[in-house]
Amino acid sequence: RRMDRTKGLRGWNVAVLVAIGLVWCASSTQREKRVVGDLHEGRVASLEDKAAAEPTDPARVRELAQAYLDARQPGMALATIERASTSVRENPTVEHLYARALLDQGRSADALAAEQRVLARCSEPLPGAQPCSSYLIASATRRADILAQLVQLGIEDANAHPEASSLAYLNATR
């Protein structure tokens, strides 16, 4: 009997060691998923270098933030714009892109406020600032109308509520 018991314990010991070995192999170090996919990596890296070299250039900040949006990383776009200087953030084209990033993050009310700032700056440009293009004014006006409908319907995240977002879009474009 004692021999049977010893064989049984050895069997359990082997089973436990095999299980520990399998868990150890399964939990080995894995590579982290890239923040920006391979498709956008080279372009984003180049734009990051350019934006770092010229941090006060609104065009550089806007290009980098747009690249992050294209790579479906609105949080990175927001961080890029929010870390920029006040003069860059107040640029209407940068603010317009900021509104888009806020919308992609599910912050409709904040996006509406940003678009309203764009329209206010375009209607009364700062001294020495270039006037807004008609494209920017039309785009900001249209997006502000849609965002106002989203906010009125109580939709913060348009992506989470596609049917209600469609209704807001239809109401705004009538």
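Criteria and thresholds
- Residues numbered from 1 in each chain as written.
- Predicted model: local features only at pLDDT ≥ 70, side-chain atom pairs only at ≥ 80, totals over all residues.
- Heavy atoms only, no water.
- Axes fitted to C-alpha atoms, helices over the stretch in contact; angles between N-to-C directions.
- Helix = DSSP H or I, 4+ residues; strand = E, 2+ residues; numbered from the N terminus.
- Left-handed = near helix turned anticlockwise from the far one by under 90°.
- Contact = heavy atoms within 4.5 Å.
- Polar contact = N/O pair within 3.5 Å; in protein donor to acceptor, adjacent residues only side chain to side chain.
- Buried < 20%, exposed > 50% of the residue type's maximum accessible area, 1.4 Å probe, protein only.
- Parallel < 35°, antiparallel > 145°, perpendicular 65-115°, else oblique.
- Nonpolar A, V, L, I, M, F, W, Y, C, P; charged D, E, K, R; others polar.
- Salt bridge = Lys/Arg side-chain N within 4 Å of Asp/Glu carboxyl O.

Quick word on the packing of helix 7 (residues 108-123) against helix 8 (residues 134-152)
One way to put it is that helix 7 packs onto helix 8 with a least axis distance of 9 Å and a crossing angle of 150 degrees. Considering only the axes of helix 7 and helix 8, their crossing is left-handed. Contact with helix 7, carried on its side by Ser108, Ala109, Ala111, Leu112, Glu115, Val118, Leu119 and Cys122, involves Leu136, Ile137, Ala140, Thr141, Arg143, Ala144, Leu147, Ala148, Leu150 and Val151 of helix 8 and no other residues of that element.

Here's the deal with the side chain of Ser108
When you line up the elements, Ser108 lands in helix 7. Looking at Ser108, its side chain comes within polar contact range of the main-chain oxygen of Ile155, at 3.2 Å. Within polar-contact distance, the side chain of Ser108 engages the backbone oxygen of Glu156 at 2.6 Å. Beyond its immediate chain neighbours, meaning those up to four positions away, Ser108 contacts Leu103, Leu147, Leu150, Val151, Ile155, Glu156, Asp157 and Ala158.

A closer look at the environment of Leu78
Along the chain, Leu78 turns up in helix 4 (residues 74-83). On the basis of relative accessibility, which here comes to 4%, the residue Leu78 falls in the buried class. Considered as a pair, Leu78 and Leu102 are 24 residues apart in the sequence and their alpha carbons are 7.2 Å apart. With residues near it in sequence (within four places) discarded, Leu78 still touches Tyr98, Ala101, Leu102, Gln105 and Arg107.

Overview of the packing of helix 6 (residues 92-104) against helix 8
At a minimum axis distance of 11 Å, the contact between helix 6 and helix 8 shows a crossing angle of 30 degrees. Here helix 6 is positioned roughly parallel relative to helix 8, judged by the angle of their axes. The two elements helix 6 and helix 8 cross, and the hand of that crossing is left-handed. Between helix 6 and helix 8, the residues in contact are Pro92, Thr93, His96, Ala99, Arg100 and Leu103 and Leu136, Ser139, Ala140, Arg143, Leu147 and Leu150, respectively. The class makeup of the residues in the contact of helix 6 with helix 8 is seven nonpolar, three polar and two charged.

Description of unusual backbone geometry
For Arg72, which is not glycine, the phi torsion reads 60 degrees and is therefore positive. Counting through the fold element by element, Arg72 comes out in the loop between helix 3 (58-70) and helix 4.

Details of the pattern of salt bridges
All chains considered together, the criterion is met by eight salt bridges. Linking Arg60 and Glu54 is a salt bridge whose minimum nitrogen-to-oxygen distance equals 3.4 Å. A residue is classified by how much of its surface remains accessible, and Arg60, at 22% relative accessible area, is partly exposed. One salt bridge in this structure joins Arg121 and Glu95, with 3.2 Å as the shortest N-O distance. Here the residue Arg121 occupies a position in helix 7, and Glu95 occupies one in helix 6, the gap between them amounting to 26 residues. In this structure Glu95 comes out as buried when scored by relative accessible area, which is 5%. Members of the salt-bridge network, linked through shared partners, are Glu54, Arg60 and Glu63.

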